[in-house]
Amino acid sequence: MLRSLFSGISGLRAHQTMLDVTGNNIANVNTTGFKTSQAQFQDTLSQMLTTAGGAQAGVGGTNPAQVGLGVRTSGITTNFQQCAAQLTNKSTDMMISGDGFFITSKAGEQLYSRAGAFSFDATGQLVTTDGALVQGWAADSSGTIDPNSGLTDLRLPIATLMGAAATGKAFFEGNLPADAVAGTVLNRTMDVYDAAGTVSSLDLAFTKTAAGWDVSGAIGAANATGTMTFNPDGTLASGGTLTVGAVTVDLSTLSGFAGLNTVAAKTQDGRAAGTLQSFTINSDGTLLGAFSNGLKQAVGRVALAAFTNPGGLEKAGDSAYRTSINSGDPQIGVAGSSGRGSLTGGALEMSNVDLSAEFTNLIIAQRGFQANSRVITTSDEVLQELVNLKR
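Residues numbered from 1 in each chain as written. Predicted model: local features only at pLDDT ≥ 70, side-chain atom pairs only at ≥ 80, totals over all residues. Heavy atoms only, no water.

Colleague: What should I look at first to understand the nonpolar core in this one?
Modeller: In globular proteins that are soluble, nonpolar side chains generally tend to be buried together. If you look at the biggest cluster of nonpolar residues, it comprises 22 residues, and the most contacted ones within it are L176, L202, L204, F206, M228, V249 and L251. Breaking this core down by element, the ones donating at least two residues are β14 (169-173), β15 (185-193), β16 (199-208), β17 (213-219), β18 (222-230), β20 (241-244) and β21 (247-250). V249 has contacts with A170, F172, L202, L204, G240, T241, L242 and V244, leaving out every residue within four places of it along the chain. Core analysis: the second largest hydrophobic core is formed by 19 residues, F102, V299, A335 and L343 among them. (Core = buried A, V, L, I, M, F, W, Y, C linked by side-chain atoms within 4.5 Å. Buried < 20%, exposed > 50% of the residue type's maximum accessible area, 1.4 Å probe, protein only. Helix = DSSP H or I, 4+ residues; strand = E, 2+ residues; numbered from the N terminus. Contact = heavy atoms within 4.5 Å.)

Colleague: Help me understand the environment of N175, please; the structure alone is not making it clear to me.
Modeller: For N175, the position within the fold is in the loop between β14 and β15. The class of N175 is buried, set by a relative accessible area of 2%. Contacts of N175, omitting those with residues within four sequence positions, involve S255, G256, F257, L260, N261, T262 and V263. Looking at N175, its side chain comes within polar contact range of the side chain of S255, at 2.7 Å. Here the side chain of N175 touches F257 through a polar contact of 2.8 Å, landing on its backbone nitrogen. (Polar contact = N/O pair within 3.5 Å; in protein donor to acceptor, adjacent residues only side chain to side chain.)

Colleague: Even after reading the chapter, I still don't get the environment of A306, so can you show me in this structure?
Modeller: Within the secondary structure layout, A306 lies in strand β26 (residues 304-306). Placed 22 residues apart in sequence, A306 and G328 show a C-alpha to C-alpha distance of 9.4 Å. In contact with A306, not counting residues within four places along its chain, are D329, P330, Q331 and R340.

Colleague: Even after reading the chapter, I still don't get helix α2 (residues 355-388), so can you show me in this structure?
Modeller: Counted at 1.5 Å a residue, the expected span for α2 with its 34 residues is 50 Å, and the 49 Å between its end C-alpha atoms agrees. Looking at the packing, one finds that the buried side of α2 touches α1 (3-27). (Expected span 1.5 Å × (residues − 1).)

Colleague: Would you mind showing me how to read the sheet that holds strand β19 (residues 236-238) here?
Modeller: Pairing between the strands of a sheet is mediated by backbone hydrogen bonds and can be parallel or antiparallel. Across the sheet, which stays open at both edges, the 5 strands sit in the order β15-β16-β17-β18-β19 with antiparallel pairing between neighbours. The strands lining the two open edges of the sheet, one partner per strand, are β15 and β19. For this sheet the average axis-to-axis angle between neighbouring strands, irrespective of direction, equals 30°. Here 6 bridges tie β16 to β17, and the two strands are oriented antiparallel to one another. From the neighbouring strand, A205 faces β17, where its bridge partner is S216. (Pairing = 2+ DSSP bridges. Axes fitted to C-alpha atoms, helices over the stretch in contact; angles between N-to-C directions.)

Colleague: What exactly am I supposed to notice about the pattern of salt bridges here?
Modeller: Side chains that carry opposite charge are capable of pairing whenever their charged atoms lie near each other. One pass over the structure, following the stated rule, counts 6 salt bridges. Across the pair D130 and K106 runs a salt bridge, and its minimum N-O distance is 2.8 Å. A residue pair is termed long-range when its members are at least 10 positions apart, and D130 in the loop between β10 (126-127) and β11 (133-138) and K106 in strand β7 (residues 101-106) qualify at 24 residues. For D130, a relative accessible area of 28% translates into the label partly exposed. Overall, K106 belongs to the partly exposed group, its relative accessible area being 30%. For R322, the salt bridge goes to E109, with nearest N and O atoms at 2.7 Å. Taken together, the residues span a long stretch of sequence, with R322 in strand β28 (residues 320-322) and E109 in strand β8 (residues 109-113) at a distance of 213 residues. The exposure class assigned to R322 is partly exposed, which follows from its relative accessible area of 28%. Here E109 falls in the partly exposed class, since its relative accessible area comes to 31%. (Salt bridge = Lys/Arg side-chain N within 4 Å of Asp/Glu carboxyl O.)

Colleague: Sorry, what's going on with the packing of aromatic side chains here?
Modeller: Any aromatic ring pair is given by two values, namely how distant the centres are and how the planes are angled relative to each other. Applying the stated criterion across every chain, the model contains 7 aromatic pairs. Taking 5.0 Å as the distance between ring centres and 80° as the angle between the ring planes, the aromatic pair formed by F102 and F118 counts as edge-to-face. Residue F102 is found in strand β7, and its partner F118 is found in the loop between β8 and β9 (119-120); the two are separated by 16 residues along the sequence. F118 gets classed as buried once you look at its relative accessible area, which sits at 1%. An aromatic cluster is defined as three or more aromatic residues linked by ring pairs; in this entry it consists of F80, F101, Y112, F307 and Y321. (Phe/Tyr/Trp six-rings, centres within 6.5 Å; stacked < 30°, edge-to-face > 60°.)

Function-wise, these values are silent; they only describe arrangement.
Structure representation (structure tokens):
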């Protein structure tokens, strides 16, 4: 039989594969985080008709004569080029700007994905559209996250609590007027908390004396007094702290210039208990929860994985990938570090399918298929002529 028949058949198979790959790209033009694939061809073994000959005295060298035996698909590569963002304004949607993959767990298998369309299930678990659990690190009760610990399923149940914390320090700032009349009293108040989160009032009274200012503080039945003096240049000379019950009042930033009465409560380190109301995501993947007590605290962090050779990942379906022997092990870490991309909340990465390029490839594959079918037709006509020689 003619070699061209089998070359034509191999061409049909290769271009059919190219059509399949291109069709799949076009089908996923609106798939979140989809990455296009390209079919790569290479020729197969060639039949040697004559070998190469070396040059000799009076005779030049000759080149080898070989007849190719067709084409085959050498590989299908994935293009991980970054694509544009699609704003959704949905707090659970996330987009990776740069390299890296979200890490998910489904039926005990660890998978990787560029699709950040997440949501919460009934138990507060952060999941993908097909139910895979998003992996990351949970924060402890103080909002501290350890990215060196093992991965866990991210959870943000509505019942998430921020525990109460007792006030240990309270801070006041501003200026006490040096030219105030002796006996002038300035009263200032600040809310402080005990270990159970019960709020109390810290009351300070500043009384002008000939030498400076007397300070008295009270929290319920707890009382304390002190004296503050200032240097001629308005800086504090003595009396920078006052301990009222279990609260240390820091007055070290107060000044004593004339004509200004700006002393005021600044801040304190206690808080009441609160429940989770909403959350936002930072560029490093930290989930920052907003609680009913008006405070914000980290509740978790999304982990990202990077690969030495992302093209070596196997497609696992559901817009996910799994590792292969040629992808390398996942390098898990924080977004924005060690070459990993940053995260953007309220946005999704669109498919990187270029329809103009895909339709061009569709035409190329179609014409290639047609041309190879003509090779088979022509080979058949040649065989028909040979059969007709018998007549």
